[in-house]
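Fold and geometry: a report
One letter stands for each residue in the lines below.
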Amino acid sequence: MHDKNGRPTTYSIEIATEICDTVSSSTKGIKRLCLENDHWPCPDTIFRWLKSNKDFSDQYARAKRLQIEALVDEILEIADDSNNDYMADVKGKMIIDHEHIQRAKLRIDTRKWLASKLVPKIYGNRIQTDLTVDDSDLKRARELVQKYMAEKNVP
């Protein structure tokens, strides 16, 4: 079944597989990909399929995890590309293009944030907690346990 724009609205394994294959190898979002692929359903339909079809939801989740790898690869490309870091001023003197550098930083930070949220086990911030307990803490804990056991008549 199609809507008035000719986009499909009925779930099919073929289009679902194509969507997931494309998402997994692209750094573009689903809205842009839908615009570029007229034969795909609209994003709202895809989101509806994600809610109603567990197999598609699982396949799409795997595709999004793979997409993060493409985004991480882009981080290296963006960081290594210095082509537009300098520009000529009105006198022809080369000056630093701070706006371009800030845009590159934003692009990198956005990809890092997405990676840390979508694949936290690999790209998330690791939090290390060091706990120090001194003898007085241990003594107080033992006293509380002994008091509890005495109240409950635990041998």
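The present account deals with the structure reproduced in this document. (Residues numbered from 1 in each chain as written. Predicted model: local features only at pLDDT ≥ 70, side-chain atom pairs only at ≥ 80, totals over all residues. Heavy atoms only, no water.)

1. Thoughts on the packing of aromatic side chains
- Summed over all chains, the structure comprises four aromatic pairs.
- Pairing Y11 with W49 gives two aromatic rings, centres 5.1 Å apart and planes at 85°, and the pair type is edge-to-face. On the criterion of sequence distance, the pair formed by Y11 in the segment before α1 (13-24) and W49 in helix α3 (residues 43-52) is long-range, its members being 38 residues apart.
- A relative accessible area of 28% places Y11 in the partly exposed class.
- A residue is classified by how much of its surface remains accessible, and W49, at 5% relative accessible area, is buried.
- These aromatic residues form a ring-pair network of at least three members: Y11, W49, F56 and Y60. (Phe/Tyr/Trp six-rings, centres within 6.5 Å; stacked < 30°, edge-to-face > 60°. Helix = DSSP H or I, 4+ residues; strand = E, 2+ residues; numbered from the N terminus. Buried < 20%, exposed > 50% of the residue type's maximum accessible area, 1.4 Å probe, protein only.)

2. Looking at the nonpolar core
- With 15 residues, the main nonpolar core has I19, V23, I30, W40, I46, F56 and Y60 as its most contacted residues.
- A total of five residues in this core trace back to one element, the largest contributor, which is α1.
- Apart from the residues lying within four places of it in its own chain, the contact partners of W40 are R7, P8, I15, E18, I19, T22, I30, L33 and C34.
- Counting residues in each nonpolar core, the second largest holds five residues, with L71, V72, A115 and V119 among its members. (Core = buried A, V, L, I, M, F, W, Y, C linked by side-chain atoms within 4.5 Å. Contact = heavy atoms within 4.5 Å.)

Such coordinate-based values are descriptive only and should not be taken to indicate function.
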